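# Report on the structure
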Amino acid sequence: MLKKILICHSILGNYSKKRYYLTILLNLLNSSFQLFGVGSLLFFVTLITSPDVLFNNTYYIKYFPFQYLSKEEQTFLFSACFLSFFLGSALLTHLSSIMQQIVIFKVVNNLRSKIFNYFFKVDLSKKNILDTGTVTNLFGYTLDNIKIFLESYLKLINDIFLSLFLITFLILLDHLSFLIIILFIILFSIMFSISKKKLIDIAKILQNINEKLSRFGWYVVHGHQEIVLFNRKDKFILDYENENNKTLKLNIRNYLITTLPKNIIEIIVLITIVSYLTLNKSSNVIEQLPFLTAILYCIYRLIPIFLTIYRSITNMKYHEYSFNVFLDFIKKNSTSSSDEIENNKLKKISFNKDIKISNVIFNYNLKSSSNQMKYNYLIKKGDYILVKGNSGIGKTTFFNILSGLIKPKKGTVSIDNSNIHENINAYWKILGYVPQNSYLMHGTLAWNITYKKNYTKKDIKLLKMIFEICELNKVTKNFKTLFENFIVTDAKHISGGQKQRIQIARILFKRPEIIIFDESFNAIDQSSELKILKSIKKYFKNITLILSSHRPNKIKRLFNKTIVIK
């Protein structure tokens, strides 16, 4: 736990340092106001019940600067101080809570951005082996739990400061209070030691269940046809309900473990107070009333603080597993310079001569030397290259290496003798790639093609030409409806051929110098495929085009070179 607390401190310090330390400062000020408020209350009650005790006190006579005030005026002064410190503490509590929310939001947002950046920077071959359920769960359930973990940490810091101030005041008032505090600490330690293993076990099970539930969602979106056609929908729903029902029982167990101590503590406190008053029944209650008031007020404040400390610790323990999952993911998938495919350089890149794939050796299984893919090819500017090879031989891998999405461990891909990975963003500026599985996003058809909302005359002219080249009238009624028709994410209602036309149009609007088509026409009829390729050759001069197709015979006359992947 201490190690995780230090990690929390480091994360908060790295991602929101100023706000984090401001939160701690506000907590310290709040604790000070609480302490001074209790002190003012003690003086106020003493002046009402036993003023002589106060007026005859040596320290009061020596250090109190307003002794010239009457008893009534001093009473008013301390009541005003108590109210001022109480209101100040309430204000600081709200400010601290708001600042904590801001800090947590900033930090969790940065952590989420860190994961996004990882997926955008990491080599495609590394990303493809990740489990979909685990990744989906990471963005949702895991990060939500990390948020609760960090919130509990900040709450714990605040409550520790406040409890230490109040405990110190209690010990100064009555040494017996110190023994009571020790008793509470021992009690909390015992309860936590009993519950922590159960909390960890519950958290592990819930993490695994939520990963499974995330996969169910993915199956519904991507495997709908198979589930229905194999008549597995009833079994699918039953399995989902069974997994989901497990979370209810686990959440109830977690609730009982984290809340039952509250009732136990309240009962013990009541017994302690009654026993104390019973044992001191012969004493002068009036003289003790100021001290009893201060002690009871401190206890009144400490009981919920102790309970929230316990709840914060149990919450941290409960969500520690998710925290470890996140840390392990970052550690295992941290990108070294050899893994990263993104570079901050964005200077203009030239393509005047050729692209060389030199001595590239790639294997998805780094521990095995079998099934290695080897590539040595030269692509000259203006080439139209048809890529052939048996299914599964490595054509898509070749395209991913050529596009820079996979960074080979051995060999280089260079453009005009410059390694593409030394200026990958500039290379992507001149590259268009339509993979086998592209995507469509929520928005108009025009936005899905252009990623723009505002268009120049030049944009409209280009878009009209692309509308004709890709025969987008087979997707939407006319050119005008490109800007009116909305499609949903992934657009399941749009046919495969229509999707491919939109994706090809998207690449052409980019006006790249190099285009890669990876089976990008397999859902389009053959005559349309031939017509689109002829139009690209006619209207996009000096373009370099590399294409793989499962029906190359009709289009091969358009190409001046063939690459056979073996």
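My aim in this report is to walk through the structure given alongside it, one point at a time. Every chain begins its residue count from 1, and numbering advances along the sequence as written. Where local features are concerned, this predicted model is filtered to residues with pLDDT of at least 70; where side-chain atom pairs are given and counted, the filter is 80 or more; whole-chain, interface and lining totals use all residues. Remark: hydrogens and water are excluded; side-chain values derive from all non-hydrogen atoms of the structure.

### Thoughts on helix H16 (residues 496-509)
The terminal C-alpha atoms of H16, which comprises 14 residues, lie 20 Å apart, in line with the 20 Å expected from a rise of 1.5 Å per residue. When accessible area is computed with a 1.4 Å probe and restricted to protein chains, residues below 20% of their type maximum are described as buried, those above 50% as exposed, and intermediate ones as partly exposed. Numbered from the N terminus, helices here are DSSP runs of H or I no shorter than four residues, and strands are runs of E no shorter than two. With respect to burial, H16 is a largely interior element, 13 of its 14 residues being buried. Two residues or fewer past H16, Arg511 is found with a positive phi of approximately 50°. A helix is expected to reach a length of 1.5 Å times the quantity of its residues less one.

### Some details on the packing of aromatic side chains
Paired rings are identified among Phe, Tyr and Trp, the last through its six-membered ring, by centres lying within 6.5 Å, and are further divided according to the angle between planes into stacked (under 30 degrees), edge-to-face (over 60) and tilted (the rest). Under the counting rule described, the total for this entry stands at 19 aromatic pairs. Both rings, one in Phe66 and one in Tyr68, keep their centres 6.2 Å apart while their planes meet at 70°; by these two values the pair is edge-to-face. In this structure Phe66 comes out as partly exposed when scored by relative accessible area, which is 35%. A relative accessible area of 64% means that Tyr68 is categorised as exposed. When the centroid spacing of 5.5 Å and the interplanar angle of 75° are considered together, the rings of Phe479 and Phe483 count as edge-to-face. Residue class for Phe479 comes out buried when judged on its relative accessible area of 18%. Feature note: the residues Phe43, Phe64, Phe66, Tyr68 and Phe78 constitute an aromatic cluster, connected by ring pairs. Consider the ring centre and the ring normal. A charge sits over the ring if Lys NZ or Arg CZ is within 6 Å of that centre and within 35 degrees of that normal. Positioned above the aromatic ring of Tyr384 is the side chain of Lys537, whose terminal nitrogen or guanidinium carbon lies 4.7 Å from the ring centre.

### Considerations on the nonpolar core
In this text, buried Ala, Val, Leu, Ile, Met, Phe, Trp, Tyr and Cys residues form a nonpolar core when linked through side-chain atoms within 4.5 Å. Core analysis: the biggest nonpolar cluster contains 71 residues, and Leu12, Leu150, Tyr153 and Phe306 have the highest contact counts within it. For this core, the secondary structure elements donating two or more residues are helix H1 (2-15), helix H2 (17-49), helix H5 (71-121), helix H7 (132-173), helix H8 (175-222), helix H10 (233-279) and helix H11 (285-332). When residues in this core are grouped by element, the largest group, 17 residues, is from H11. In this structure, Phe306 is in contact with Ser163, Ile167, Ile181, Phe184 and Phe188, ignoring residues within four places of it in sequence. Counting 40 residues, the second-largest nonpolar core is a separate cluster that includes Cys470, Ile502, Phe521 and Leu545. Any pair of residues with heavy atoms lying within 4.5 Å of one another is described as a contacting pair.

### What about a nonpolar patch on the surface?
Each patch is built from residues lacking any salt bridge and having more than 30% relative accessible area; the joining distance is 9 Å for like charges and 5 Å for nonpolar side chains (Val, Leu, Ile, Met, Phe, Trp, Tyr). Residue-level accessible areas treat just the shown protein chains as cover; the underlying method is Shrake-Rupley with a 1.4 Å probe. Here, a salt bridge means any side-chain nitrogen of Lys or Arg that lies within 4 Å of a carboxyl oxygen of Asp or Glu. Taken together, Ile182, Ile185, Ile186, Ile190 and Ile194 make up a surface patch of nonpolar side chains, about 430 Å² in accessible area. With respect to the secondary-structure elements, Ile190 resides in helix H8.

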